[in-house]
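Observations on the three-dimensional arrangement
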Protein chains: 2
Amino acid sequence: MKIGFIGLGIMGRPMALNLKAAGHDLLVPERKSLTPELRAAATVHPDAAAVAAGSEVVITMVPDTPDVAAVLFGPRGVAEGLKKGTLVIDMSSISPTATRDFAARIEAAGCQWLDAPVSGGEVGAKAGSLTIMVGGSAGAFARAKPLFEVMGKNITHVGEAAGAGQVCKVANQIIVALNIQAVAEALTFAKKAGADPAAVRQALMGGFASSRILEVHAERMLNRTFAPGFRIRLHQKDLNLALGSAREMGMALPNTAIAQQMFSAVTAQGGADLDHSALVKAIEALAGLAP
Amino acid sequence: MKIGFIGLGIMGRPMALNLKAAGHDLLVPERKSLTPELRAAATVHPDAAAVAAGSEVVITMVPDTPDVAAVLFGPRGVAEGLKKGTLVIDMSSISPTATRDFAARIEAAGCQWLDAPVSGGEVGAKAGSLTIMVGGSAGAFARAKPLFEVMGKNITHVGEAAGAGQVCKVANQIIVALNIQAVAEALTFAKKAGADPAAVRQALMGGFASSRILEVHAERMLNRTFAPGFRIRLHQKDLNLALGSAREMGMALPNTAIAQQMFSAVTAQGGADLDHSALVKAIEALAGLAP
């Protein structure tokens, strides 16, 4: 299949190369940053419009909502080149409400839309083992599924409404942030009370307090290994989507709001590029414990 | 072994009967509420002091900190009857700081102390599969271990300091409450945004958002099955221990404080005896969703 791929960063590059390795034709827009490996694997076109004109499926994988808007609807963007019937899949993690708008404009041009954000990071992108959360019509999902199966493992069609994939990704990021804060408050409480946090973690594994975060991130907190992993900077972007969407919809997310403030407190200490488990530093500061 | 058992409620009764079934002698204080089964299984003494006088080990399993204080140090309480060398094990879930004081007074009388709160509920108490978190000296722990193995499965000696078991139990209750709120905020966000919360939960299982709470309590939220389980009333008592100890020690637990308020909001709606997963009702109210 002819696949246009726009956004060839840390995540997009291995995802695109996995599609190429699975036998698909890769079309990419000219960028100075294109690696020799990508230039060899893909046909390079002058811009996103030209990429879209030659593609059956266009995938976007860029940092944030304004980047998706620019790539799709900016000058010489995807929308200028799209042929009727093309499937556009946005795999970025962006605003669920903006996504609905983007989908409506793509569908008004006679094309199909899917939002399909991922989790699993660079490791999952390279291994083709990403979790992919998909919103959009069943027909579009069926068409895209063989491509998703090249890039990921745990693939869920969350709902037929555009944006359902993004809503699911935001829900994921809410739970991960709050489970990190749960473990941070509990282990800091134990430390402050003079107990051994490692022994406490061990005692809690396997019970109702158990979680993937207690397994993985609690260990990072105990060992003080805060190299990312997933950067606080990026988790703050995702919680911003959660809180912004919540405000637009008219609802409160009290613990999510607090977690965002705790990430900001770590950022204030210069920790924006630490792993998100470093949220514990903000809780330790609230306990008067030395960093 | 001669075991005095004080506090024969929903939890204490099956724990005591399991000790009897394992071949131990059971001594209990007179109470009108003693079941015929217990009267048959135990030697009934007039009060806690008399129970303590005849026991090698005294176990207490009562609702809250003042109950432990009364049973141990009130008129005709355990302390009045204790012989030197007796091991006192408090298996109630109470204040870690008060526990240190109780331990010091018991040890000053020439006796040994363990705090050994449990999790696993009535089901775990009956099955002898409780999780037991123990604070106190290694010697006392070794002496009690065969008894713990009759009552529980996952038994951890958290630390040598009195109160370490209670600190661990509080840490457990913090994580459970905050993981419940994490799932409640995420699923309510998804619902408000028009996505199917059940599909979202399914997509998140197995990833970094996965937890025992996402497995068990999210399902209760989706199915609206809020029969306890573990009552909000009791979880509020435990978070009160967390927040009270935190204040005594001089530290802040921001998300724990919010979770306590959310439980209070459900209590305000008449939900104190619902399962703690019903915290989601408070989050739904914050989203303007009908109950």
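Only a predicted model underlies this, so the values are computations on that prediction, with no experimental measurement involved.

Here we come to the overall build of chain A. When helices and strands are counted, chain A shows 14 helices and nine strands. Here the C-alpha atoms of chain A give a radius of gyration of 21 Å, agreeing with the 19 Å that 2.2 N^0.38 yields for 291 residues. When the backbone C-alpha atoms are referred to their principal axes, chain A occupies close to 65 × 45 × 35 Å. In chain A, the share of contacts with a sequence separation of at least 24, taken over all contacts with a separation of at least 6, comes to 66%. A total accessible area of about 10500 Å² is found for chain A, and carbon and sulfur atoms account for 55% of it. Treating the 27 positive side-chain charges of chain A as one cloud and the 24 negative ones as another, the clouds have centres 3 Å apart.

For the bond from Pro-228 of chain A to Gly-229 of chain A, the omega torsion is 5 degrees, close enough to zero to count as cis. As for its position among the elements, Gly-229 of chain A is in the loop between helix 11 (212-223) and helix 12 (232-249). The residue Arg-224 of chain A is not glycine, and still its phi comes out positive at about 55 degrees. In this fold, Arg-224 of chain A is placed in the loop between helix 11 and helix 12. On the basis of relative accessibility, which here comes to 33%, the residue Arg-224 of chain A falls in the partly exposed class. Phi at Arg-76 of chain B is positive, roughly 55 degrees, even though this residue is not glycine. Position of Arg-76 of chain B relative to the elements: it lies in the loop between helix 4 (65-73) and helix 5 (78-81). Judged by relative accessible area, which is 44%, Arg-76 of chain B ranks as partly exposed.

The α-helix winds at 3.6 residues per turn, so residues separated by three or four positions along the chain end up facing the same way. For helix 8 (residues 138-151) of chain B, built from 14 residues, the straight-helix expectation of 20 Å at 1.5 Å per residue is met to within 8% by its first-to-last C-alpha distance of 19 Å. Turning to helix 8 of chain B, its buried residues number three or more, namely Ala-140, Phe-141, Ala-144, Leu-147, Phe-148 and Met-151 of chain B.

Okay, the relation of the copies chain A and chain B next. Each copy superposes on the other: chain A lies on chain B with an RMSD of 0.0 Å after a rotation of 180 degrees and an axial shift of 0.0 Å. In symmetry terms, the pair is related by a two-fold rotation axis. No C-alpha of chain A approaches the rotation axis more nearly than that of Ser-211 of chain A, which lies at 1.9 Å.

This part is about the interface of chain A and chain B. Chain A puts 59 residues into the contact, and the matching count from chain B is 59 residues. Buried area between chain A and chain B, both sides added, is near 5000 Å², and the carbon and sulfur share of it is 70%. The interface formed by chain A and chain B includes zero salt bridges. If you look at where chain A meets chain B, you find 13 residue pairs in polar contact (both at pLDDT 80 or more). Secondary-structure elements contributing two or more residues to the side of chain A that touches chain B are strand 8 (130-135), strand 9 (152-159), helix 9 (164-192), helix 10 (197-204), helix 11, helix 12, helix 13 (254-268) and helix 14 (279-286) of chain A.

Before going further, it helps to examine the pattern of salt bridges. On inspection of all chains with the given rule, the structure shows 26 salt bridges over all chains. We note a salt bridge from Arg-220 of chain B to Asp-275 of chain B, for which the minimum N-O separation is 2.9 Å. With Arg-220 of chain B in helix 11 (residues 212-223) and Asp-275 of chain B in the loop between helix 13 (254-268) and helix 14 (279-286), the pair connects residues that are 55 residues apart, well separated along the chain. Given a relative accessible area of 0%, Asp-275 of chain B falls into the buried group. One salt-bridge network, in which partners are shared between bridges, spans Asp-47, Arg-76 and Glu-80 of chain A.

The next subject is the side chain of Gln-173 of chain B. Tracing the chain through its elements places Gln-173 of chain B in helix 9 (residues 164-192). Non-local contacts of Gln-173 of chain B, meaning those with residues more than four positions away in its chain, are made with Phe-230, His-235, Asp-238 and Leu-239 of chain B.

Counting residues in hydrophobic clusters, the biggest one holds 98 residues, and the most contacted among them are Val-200 and Leu-204 of chain A together with Val-200 and Leu-204 of chain B. With residues near it in sequence (within four places) discarded, Val-200 of chain A still touches Leu-187, Ala-190 and Ala-195 of chain A together with Val-158, Cys-168 and Ala-171 of chain B.

Residues and elements named next belong to chain A. In contact at an axis separation of 10 Å, helix 12 and helix 13 are set at 150 degrees when each is read in the N-to-C sense. Considering their axes alone, helix 12 and helix 13 lie roughly antiparallel with respect to each other. Relative to helix 13, helix 12 is oriented so that their crossing is left-handed. Contacts between helix 12 and helix 13 involve Ile-232, His-235, Gln-236, Leu-239, Asn-240, Ala-242 and Leu-243 from the former and Thr-256, Ala-257, Ala-259, Gln-260, Phe-263, Ser-264, Val-266 and Thr-267 from the latter.

For the rest of this paragraph, the subject is the domain arrangement of chain A. Residue and element names in this part refer to chain A. Here chain A is partitioned into domain 1 (2-161) and domain 2 (168-286). One C-alpha centre belongs to domain 1, the other to domain 2; they are set 30 Å apart. Facing the 13 residues of domain 1 at the interface are nine residues of domain 2. Overall, the association of domain 1 and domain 2 removes approximately 820 Å² of surface from exposure, summing both partners, and the carbon and sulfur fraction of that is 63%. It is Ser-93, Thr-97 and Met-133 in domain 1 that bury the most area against domain 2; as a group they hold 44% of the surface buried on that side. Linking domain 1 with domain 2 are zero salt bridges.

What counts and what doesn't
- Residues numbered from 1 in each chain as written.
- Chains lettered and ligands numbered in written order.
- Predicted model: local features only at pLDDT ≥ 70, side-chain atom pairs only at ≥ 80, totals over all residues.
- Heavy atoms only, no water.
- Helix = DSSP H or I, 4+ residues; strand = E, 2+ residues; numbered from the N terminus.
- Rg over C-alpha atoms; globule rule 2.2 N^0.38 Å.
- Contact = heavy atoms within 4.5 Å.
- Areas by Shrake-Rupley, 256 points an atom, 1.4 Å probe, with all protein chains shown as cover.
- Lys, Arg positive; Asp, Glu negative; His and termini not counted.
- Charge placed at Lys NZ, Arg CZ, Asp CG, Glu CD.
- Buried < 20%, exposed > 50% of the residue type's maximum accessible area, 1.4 Å probe, protein only.
- Expected span 1.5 Å × (residues − 1).
- Least-squares fit on C-alpha atoms with pLDDT ≥ 70 in both.
- Buried area = accessible area lost by both parts, 1.4 Å probe.
- Salt bridge = Lys/Arg side-chain N within 4 Å of Asp/Glu carboxyl O.
- Polar contact = N/O pair within 3.5 Å; in protein donor to acceptor, adjacent residues only side chain to side chain.
- Core = buried A, V, L, I, M, F, W, Y, C linked by side-chain atoms within 4.5 Å.
- Axes fitted to C-alpha atoms, helices over the stretch in contact; angles between N-to-C directions.
- Parallel < 35°, antiparallel > 145°, perpendicular 65-115°, else oblique.
- Left-handed = near helix turned anticlockwise from the far one by under 90°.
- Domains from an automatic or database assignment.

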